[in-house]
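In case you want the letters, here they are:
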Amino acid sequence: MIRILKTGEESIDSKILAKRIPRTLFALIAGMSLSISGVLMQSLTKNPIADPSILGINTGASFGVVFAMAYLKITSYYQFILFALLGSTLAAILVFMIASGGKSGLNPIKLVISGAAISAGFSSIIKIILLPRQNIMSTFKLWQIGSISAAEYESLLAIIPFVLLAIIVTVIISPKLDILVLGDEIATGLGVNVKQTRLIATITSVVFCAVITAIAGPIAFLGLMVPNIVRAVIGSDIKRSIVYSALFGSLFLTVSDICGRLLGAPGELEVGIITSFIGAPVLIFIVMKNRYKAI
């Protein structure tokens, strides 16, 4: 029996599909991107709690977007992505510069402390920019929690080129990252340019994080949780970790979005709240288990 829809009903159904499809696609891409970003950061720093949110990369991206909204009046998705990239790159440079200082050099504890300090600094600047600008504050409130509710086809088209490029680079450098795990001297002896590989991997990780943050805001803990869960199941092989983290991260964020809509009905809980609620206990567990040992 064929169901004949009224004009109004058909338009409602089409509106739902037009919103749900890009939202689901964005959740899949965002989950994959943030998870791969987490794998790259953790393998580079040999730190199991390295993550875009903990190291201040998310906050740096947020600063770039808020600064551009306030002073440059940006409106397009490409502009958001550009300034998110600039802000997250600045945050990454500052974190690694601070963490590398002193006699002990770079270590996991200093990375986390530096990330927390930079994140707090950028958060304060963001508040200073927003307080006298209520029009931006209202837009930023939902965005800063981490939300994919505003995803649409235009935003998907804006992020896909960056994500595809980052995936290609990740595939190319993943064998070298596996060799880096053996140590810098062995990697150099096997023909790996250690500094170049680390620089490329860091930039790639920042790109993954920044393009998603530009559209969805800072989604915390996903890049921390997923790689650690995958590593616990399949081992520390970098190439396999990247593949399985991408798959599991996409599934995890999509399911989190569905749970947020169900738990918050008739409204919704933003996906950033769900990931933070699950991620905080996972962070505590990882810290207690590893006691800041290198992975």
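Residues numbered from 1 in each chain as written. Predicted model: local features only at pLDDT ≥ 70, side-chain atom pairs only at ≥ 80, totals over all residues. Heavy atoms only, no water.

**Considering the overall build of the protein chain**
So the rule is basically this: Numbered from the N terminus, helices here are DSSP runs of H or I no shorter than four residues, and strands are runs of E no shorter than two. Type-normalised accessible area, obtained with a 1.4 Å probe on protein chains alone, sets the label of each residue: buried when under 20%, exposed when over 50%, and partly exposed for intermediate values. Throughout, a residue-residue contact means that at least one pair of heavy atoms, one from each residue, lies within 4.5 Å. Here, Shrake-Rupley sampling with a 1.4 Å probe gives the accessible areas, and only protein chains in the shown set may cover a residue.
The number of helices and strands found in the protein chain is eleven helices and zero strands. Looking at the protein chain as a whole, 50% of its 295 residues qualify as buried. Once local pairs closer than 6 in sequence are excluded, the contacts in the protein chain between residues at least 24 apart make up 76%. When the accessible surface of the protein chain is totalled, it reaches about 14,700 Å², and 71% of it is carbon and sulfur.

**Structural notes on the packing of helix α3 (residues 77-100) against helix α8 (residues 194-216)**
Inclusion rule: Only the contacting stretch of a helix is used when fitting its axis, a line to C-alpha atoms as for every element, and angles between N-to-C directions run 0 to 180 degrees. To sort the angles, those under 35 degrees are grouped as roughly parallel, those over 145 as roughly antiparallel, those from 65 to 115 as roughly perpendicular, and the leftovers as oblique. For any pair of crossing helices, the crossing counts as left-handed if the nearer helix is rotated counterclockwise from the farther one by less than a right angle, and right-handed if it is rotated clockwise. Charged means Asp, Glu, Lys or Arg here, nonpolar means Ala, Val, Leu, Ile, Met, Phe, Trp, Tyr, Cys or Pro, and polar covers whatever is left, Gly included.
One way to put it is that α3 packs onto α8 with a least axis distance of 8 Å and a crossing angle of 130°. As the angle between them shows, α3 and α8 are arranged oblique. Considering only the axes of α3 and α8, their crossing is right-handed. Facing Y77, F80, I81, A84, L85, S88, T89 and A92 of α3, the residues of α8 in contact are V206, V207, A210, V211, A214 and I215. Tallied by class, the residues present in the contact of α3 with α8 amount to twelve nonpolar, two polar and no charged.

**Quick look at the pattern of salt bridges**
This is how it is decided: A carboxyl oxygen of Asp or Glu within 4 Å of a side-chain nitrogen of Lys or Arg is what we treat as a salt bridge.
Taken as a whole and assessed by the stated rule, the structure comprises two salt bridges. A salt bridge links R23 to D257, with the nearest nitrogen and oxygen atoms 2.7 Å apart. Here the residue R23 occupies a position in helix α1 (residues 7-45), and D257 occupies one in helix α10 (residues 238-263), the gap between them amounting to 234 residues. Residue R23 is classed as buried on the basis of its relative accessible area of 4%. Across the salt bridge formed by D257 and R261, the nearest N and O atoms sit 2.7 Å from each other. Pair noted here: D257 and R261 are both in helix α10, with a separation of four residues, about one helical turn. Each of R23, D257 and R261 takes part in salt bridges that share partners, so that together they form one network.

**Considering the nonpolar core**
Condition: Definition used in this section: a nonpolar core is a set of buried Ala, Val, Leu, Ile, Met, Phe, Trp, Tyr and Cys residues joined via side-chain atoms within 4.5 Å.
One finds F26, I159, L177 and I212 to be the most contacted residues of the largest nonpolar core, which totals 82 residues. For this core, the element with the highest residue contribution is α8, accounting for twelve residues.

**Some remarks on the packing of helix α6 (residues 153-180) against α8**
Contact pair α6 / α8: the axes reach a minimum separation of 9 Å and the direction vectors enclose 150°. One way to sum up the angle between α6 and α8 is to call them roughly antiparallel. Classified by chirality, the crossing of α8 by α6 is left-handed. Listed contacts from α8 to S155, I159, F162, V163, A166, I167, V169, T170, I173, K176, L177 and L180 of α6 are V194, T197, R198, I200, A201, T204, V207, F208, V211, I212 and I215. Residues of the contact of α6 with α8, tallied by class, amount to 17 nonpolar, four polar and two charged.

**Structural notes on the side chain of S119**
Relative to the assigned elements, S119 resides in helix α4 (residues 108-130). Residue class for S119 comes out buried when judged on its relative accessible area of 15%.

**Some words on helix α9 (residues 222-234)**
What counts here: The span you would expect from a helix comes to 1.5 Å times its residue count less one.
Compared with the 18 Å implied by 1.5 Å per residue over 13 residues, the 18 Å span of α9 between its first and last C-alpha is a close match. Of all the residues in α9, the buried ones are L222, G223, L224, M225, V226, P227, N228, V230 and R231. Positive phi shows up at G235, right after α9, with a value of about 100°.

**Brief notes about the packing of aromatic side chains**
Any aromatic ring pair is given by two values, namely how distant the centres are and how the planes are angled relative to each other. The test is simple: We call Phe, Tyr and Trp rings a pair once their centres come within 6.5 Å, taking the six-membered ring for Trp, and we label the pair stacked below 30 degrees between planes, edge-to-face above 60, and tilted otherwise.
Here the structure, examined in full by the defined rule, presents four aromatic pairs. Look at F63 and F67: their rings are 5.9 Å apart centre to centre, the planes differ by 45°, and that puts the pair in the tilted class. Separated by four residues within a single helix, F63 and F67 lie in helix α2 (residues 57-71), roughly one turn from each other. Judged by relative accessible area, which is 15%, F63 ranks as buried. Each ring, one from F248 and one from F252, has its centre 6.0 Å from the other, and the planes form 55°; the classification is tilted. Taken together, the residues F248 and F252, both in helix α10 and four residues apart, mark about one turn of the helix. Cluster of aromatic residues (ring-pair linked, three or more members): F63, F67, Y71 and F122.

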